[in-house]
Amino acid sequence: KFTIPTEIRKVLVSERDNASTLRQFVNENCTLAPDDSSVETKLFYTRYSLWTKENGQKPSSKNSVGRELTRLNVKSKVINFAGDSVRKYFGIALKE
């Protein structure tokens, strides 16, 4: 059985993170936090899309963003508030 050495694994994870525009955005603009932190999915995607365009990159689709955030242990839930339904990501906050 072949095992990847720890140092090589760290380099691979770092390279993967650098290749992902979403992970770059999260590293620079967000705080991964306990479930009490949240942001509306629409606001998150708008900020992410603007950031990618400002950095000369193309944003991932909304579905891809949701899947990638799930890998980072961010959960998506629909919240009913004053008769309106709003989808939010929990476990992440945008830095001001």
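Further up the page is the structure itself.
Below or above, wherever it landed, is the structure these notes cover. (Residues numbered from 1 in each chain as written. Predicted model: local features only at pLDDT ≥ 70, side-chain atom pairs only at ≥ 80, totals over all residues. Heavy atoms only, no water.)

So, on to a nonpolar patch on the surface. Taken together, Phe 2, Ile 4 and Ile 8 make up a surface patch of nonpolar side chains, about 320 Å² in accessible area. Within the fold, Phe 2 resides in the segment before α1 (6–19). Under the relative-accessibility criterion, Phe 2 is labelled exposed at 71%. (Patch = residues over 30% accessible without salt bridge, like charges linked within 9 Å, V, L, I, M, F, W, Y side chains within 5 Å. Areas by Shrake-Rupley, 256 points an atom, 1.4 Å probe, with all protein chains shown as cover. Salt bridge = Lys/Arg side-chain N within 4 Å of Asp/Glu carboxyl O. Helix = DSSP H or I, 4+ residues; strand = E, 2+ residues; numbered from the N terminus. Buried < 20%, exposed > 50% of the residue type's maximum accessible area, 1.4 Å probe, protein only.)

All right, on to the packing of helix α2 (residues 21–29) against helix α4 (residues 62–71) then. Closest axis-to-axis distance for the α2/α4 pair is 10 Å, and the angle between their directions is 60°. As summarised for this structure, α2 and α4 are arranged oblique, according to the angle between their axes. In this structure, α2 crosses over α4, and the sense of that crossing is right-handed. Note on element contacts: α4 touches α2 through Val 65, Glu 68, Leu 69 and Arg 71, opposite Leu 22, Arg 23 and Val 26. (Axes fitted to C-alpha atoms, helices over the stretch in contact; angles between N-to-C directions. Parallel < 35°, antiparallel > 145°, perpendicular 65-115°, else oblique. Left-handed = near helix turned anticlockwise from the far one by under 90°. Contact = heavy atoms within 4.5 Å.)

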